[in-house]
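An overview of the molecular structure
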Amino acid sequence: MQEQQPAPQKEGSAALWLRTNLFASPKDSFLSIIAIVFLIWAVPPVVEWLFINAAWTGTDRTACATIAQGGAQPDGWSGACWAFIGAKFDQIMFGRYPDPEMWRPILIGIVFTALLIPMLMPKAPHKGWNALALFIILPIFAFFILYGGVFGLPVVDTSDWGGLMVTLILSYFAIAVSLPLGIILALGRRSKMPVMRTLSIMFIEVVRGVPLITILFMASVMLPLFLPEGMTINKFLRAIVGVSLFISAYMAETIRGGLQAMPKGQFEGAASLGLGYWQTMRLVILPQAIKLVIPAIVNQFISIFKDTSLVSIIGMFDLLGIIKFNFTDSSWASPVTPITGLIFAGFVFFIFCFAMSRYSSFMERHLDTGHRS
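Notes on the structure in this doc start here. Since we're looking at a predicted model, the values are computed, not measured.

**Here we look at the side chain of S309**
Structurally, S309 is set in the loop between α13 (294–307) and α14 (319–326). We classify S309 as buried; its relative accessible area is 15%. If we skip the residues at most four places from it in the chain, S309 touches D318, L320 and F349.

**Notes on unusual backbone geometry**
Residue H126 is not a glycine yet carries a positive backbone phi of 55 degrees. With respect to the element layout, H126 can be found in the loop between α5 (103–120) and α6 (127–147). Accessibility expressed as a relative area gives 60% for H126, which makes it exposed. Of note in the backbone geometry, F151 takes a positive phi value of approximately 55 degrees without being a glycine. Its place among the elements puts F151 in the loop between α6 and α7 (164–189).

**Describing the side chain of T280**
In this fold, T280 is placed in helix α12 (residues 277–292). For T280, a relative accessible area of 8% translates into the label buried. The residues contacting T280, other than those within four sequence positions of it, are A270, L275 and I285.

**As for the nonpolar core**
Ranked by internal contacts, the top residues of the largest apolar core, which has 60 residues, are Y97, W161 and F236. In terms of residues, this core owes the most to one element, helix α10 (residues 235–260), which gives seven residues. Residues M251, I285, V293 and I297 belong to the second largest nonpolar core, which totals 16 residues.

**Description of the state of the cysteines**
Applying the stated criterion across every chain yields a total of one disulfide. Shown here is the disulfide that connects C64 with C81, its sulfur atoms set 1.9 Å apart. On the sign convention where negative is left-handed, the bridge of C64 and C81, at about 70 degrees about the S-S bond, is right-handed. Of this pair, C64 sits in the loop between α2 (26–52) and α3 (82–87) while C81 sits in the loop between α2 and α3, placing them 17 residues apart in sequence.

**Here's the deal with the packing of aromatic side chains**
For any pair of aromatic rings, geometry is given as the distance between the ring centres together with the angle between the planes. In total, this model carries 18 aromatic pairs according to the counting rule given. Each ring, one from F51 and one from W56, has its centre 6.5 Å from the other, and the planes form 20 degrees; the classification is stacked. Its relative accessible area of 48% is what places W56 among the partly exposed residues. For the ring pair F112 and Y172, a centre distance of 5.5 Å and an interplane angle of 85 degrees mean the geometry is edge-to-face. Separated by 60 residues along the polypeptide, F112 in helix α5 and Y172 in helix α7 bring together distant segments of the chain. Linked through ring pairs, F112, F135, Y172 and F173 together constitute an aromatic cluster.

**Let's talk about the pattern of salt bridges**
With the rule as written, the count across this model stands at five salt bridges. The shortest N-O distance in the salt bridge between E101 and R104 comes to 2.9 Å. The exposure class of E101 is buried, given its relative accessible area of 14%. In this structure, E205 and R189 form a salt bridge, with 2.9 Å as the shortest nitrogen-oxygen distance. Here E205 is found in helix α8 (residues 194–208), whereas its partner R189 is found in helix α7, with 16 residues between them in sequence. A cluster of three or more residues bridged by salt bridges with shared partners is formed by R189, E205, E253 and R256.

Conventions and cut-offs
Residues numbered from 1 in each chain as written. Predicted model: local features only at pLDDT ≥ 70, side-chain atom pairs only at ≥ 80, totals over all residues. Heavy atoms only, no water. Helix = DSSP H or I, 4+ residues; strand = E, 2+ residues; numbered from the N terminus. Buried < 20%, exposed > 50% of the residue type's maximum accessible area, 1.4 Å probe, protein only. Contact = heavy atoms within 4.5 Å. Core = buried A, V, L, I, M, F, W, Y, C linked by side-chain atoms within 4.5 Å. Disulfide = S-S within 2.5 Å. Phe/Tyr/Trp six-rings, centres within 6.5 Å; stacked < 30°, edge-to-face > 60°. Salt bridge = Lys/Arg side-chain N within 4 Å of Asp/Glu carboxyl O.

Treat this as a map of the structure, not an account of what it does.
See the structure below:
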């Protein structure tokens, strides 16, 4: 008879988690101890600067400056100037959108959220109608509501749009356009028709070989020079088109990587069932290819969400641009104002990018139909 063994530890116990993830080997233990010591040294001063010593309320720079700097804080004080964020919050969110009309972007945000949530839920019903409302009806409705000129709404020119609203609009259109256009370009590059293949290759290689700054500069400065006299295209529309075409070229190569990873047997199996080219792609190949490259697709989405800050070079103020623009307000000039604004912008970008990353991981697990040994 074997001797009695101690009962196994619970799988979810804290001791087991620490031993497995932090102290599994001498090297892991050493690195974990170094990391813990660093956090103990770094985190308290950061928390103290961001929250404990921070100036939360105020009407001007005196709330965020010391007495020697012409403010109300004691000499030697240093902390985050959240009063600046509170005072400029409306501008950070909506730019120079008129205060009496602020309900319009808020309404669009509520409608967008109401349509997006069920779209992200795998088991939500009526996906087709939901997609139609989110990607076709909402953009048209949002344009007329935000811009005005109909239903008795006053016109708010796109030059007054700014802040997080511009960042989200640019990202939304770039994501909504780049995925289907990228699929078309990827299929065109693999097409057996020489003209279609050549045009797709030329577009992809030319756009991928040029920085986004150059494309935005061309769309804003050079394009009007080639238009007939008296004809103009809205700057905001030009930025949307430029960003969408740029990310579409990268998306095409991502999708093409998924297509090339598909085994030849999938194409032969679809052909044996009598499926045509478009039926094969729509029902067999593309669903599997896109599933394979979900991390790369979401990486492109995160990249373009952050790259929207480049529109500041053409005179548009996105989230980061409007925060940096407000640094020039002399009534809030203080040594801690710029770093507080940049930290706030970084936090907002992190929240959106982290949410996209987590949803990507969720979809990978949901769509993982393989069998692991």
